[in-house]
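# Structural description and commentary
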Amino acid sequence: MPDGSLSRPPARQEEATSIRPLRGLDLKVQRQGALLLDVPEIAIDGEGLSVVMGANGAGKSLLLKVLAGLIAPSRGRVLWGASAPQRRLTLRLGFVFQKPVLLRRSALANVTYALKAAGMASGAVRERALAVLEEARLAAVAKRPARVLSGGEQQRLALARALALEPEVLFLDEPTASLDPASTLAIEEMVLRARAAGTRIVLVCHDAGQAHRLADEVIFMHAGRLIERGPAAEVFARPKSRQARAYLAGEIVL
């Protein structure tokens, strides 16, 4: 895999404070009397790629959205570094959803818009954006409207746009759930390059094969709770919790 421009951060007007460690303390989310998330403590720091696994409704995506400041917890708090989430630090955290969220403009303009919003010097924006699209294998469609691209191209564009800003932490919510094998491979290659460049990655995933290919660490959730967390090799070989054992064995987890 090529080592491209994504390892070089864009120019910034000022250096922001680190958002790591990114922590959640006594996190609870309740809706209509149901407790959807109940995580006493979680911290995202260091290096590598964490895969968050668990059955549908386990709270995986909800946990990421709370940690990213997209959903306010009913109780508890989120800390980015030493303080609560702050608007000026949002560019340090990237988030790619299962369904790409793209602007009604060209693929190139989607990336240049993000770079300009991040404060990159105007003279360097186009060159940087083109390099990012080249690395994502999207140079040939740079001028096409983003919303007419194929599903795999749209997801690569969403990921490339996030990585162009060199986030410290990148959250990925099932980015390959509905993609064909070739598109999935392209996304995984981009994710691995970002990990090698130092981005801390947290990936929600249902695909056991993908988890085996990518994970340094596994975070297993069940019924809104963090049931198990550990090095991927250990969790896959010897899961400690009943729920993780059942899930990894392909059984229905209740």
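### Some points on the confidence of the model for the chain
Mean pLDDT over the chain works out to 91, with 94% of the residues at or above the 70 mark. Between residues 1-16, whose pLDDT stays under 50, and residues either more than four places distant or in other chains, the model counts 38 contacts.

### Some thoughts on the sheet that holds strand β4 (residues 75-80)
Spatial strand order, β2-β1-β4: 3 strands in an open sheet with antiparallel pairing. Because the sheet does not close on itself, it has two edges, and the strands there are β2 (34-44) and β4. The mean inter-strand angle of the sheet, taken between neighbouring strand axes irrespective of direction, is 15°. Two elements, strand β1 (residues 22-31) and β4, share 5 bridges in a ladder whose sense is antiparallel. Pairing of Leu-25 across the sheet is with Arg-77, part of β4.

### Topic: the packing of helix α2 (residues 107-117) against helix α4 (residues 151-164)
Interaxial distance between α2 and α4 falls to 9 Å at its minimum, and their mutual angle equals 25°. The angle between α2 and α4 places the two elements in the roughly parallel class. In the packing of α2 onto α4, the handedness of the crossing is right-handed. Across the interface between the two elements, Ala-107, Asn-110, Val-111, Ala-114 and Leu-115 of α2 pack against Leu-157, Arg-161 and Ala-164 of α4. Taken together, the residues of the contact of α2 with α4 sort by class into 6 nonpolar, 1 polar and 1 charged.

### A short note on the packing of aromatic side chains
One pair of aromatic rings is described through two measures. These are the centre distance and the angle between the planes. A complete count under the given rule lists 3 aromatic pairs for this structure. Through a chain of ring-to-ring contacts, the aromatic side chains of Phe-95, Phe-97 and Phe-171 assemble into a single cluster.

### What about the pairing of strand β9 (residues 225-231)?
In summary, the side chains of a regular strand alternate between the two faces of the sheet. Two strands pair when backbone bridges link them, and strand β8 (residues 217-222) and β9 are joined in this way by 6 bridges, in the antiparallel orientation. Among the inter-strand pairings, His-222 is bridged to a residue of β9, identified as Arg-225. Taking the residues that link successive antiparallel strands as the turn, the β8-β9 hairpin has 2 residues, and the phi of Ala-223 there is positive, at about 55°.

### So, the environment of Gly-209
Position of Gly-209 among the secondary structure elements: in helix α6 (residues 208-214). Judged by its relative accessible area of 30%, Gly-209 is partly exposed. Residues Gly-209 and Lys-28, spaced 181 residues apart in sequence, show a C-alpha to C-alpha distance of 31 Å.

### Considering the environment of Ala-194
Mapped onto the elements, Ala-194 comes out in helix α5 (residues 181-196). Ala-194 sits 146 residues away from Gly-48 along the chain, and the two C-alpha atoms are 9.7 Å apart. If we ignore the near neighbours within four places in the chain, the residues touching Ala-194 are Leu-163, Thr-199 and Ile-201.

Definitions and cut-offs
- Residues numbered from 1 in each chain as written.
- Predicted model: local features only at pLDDT ≥ 70, side-chain atom pairs only at ≥ 80, totals over all residues.
- Heavy atoms only, no water.
- pLDDT = per-residue confidence, 0-100.
- Contact = heavy atoms within 4.5 Å.
- Pairing = 2+ DSSP bridges.
- Helix = DSSP H or I, 4+ residues; strand = E, 2+ residues; numbered from the N terminus.
- Axes fitted to C-alpha atoms, helices over the stretch in contact; angles between N-to-C directions.
- Parallel < 35°, antiparallel > 145°, perpendicular 65-115°, else oblique.
- Left-handed = near helix turned anticlockwise from the far one by under 90°.
- Nonpolar A, V, L, I, M, F, W, Y, C, P; charged D, E, K, R; others polar.
- Phe/Tyr/Trp six-rings, centres within 6.5 Å; stacked < 30°, edge-to-face > 60°.
- Buried < 20%, exposed > 50% of the residue type's maximum accessible area, 1.4 Å probe, protein only.

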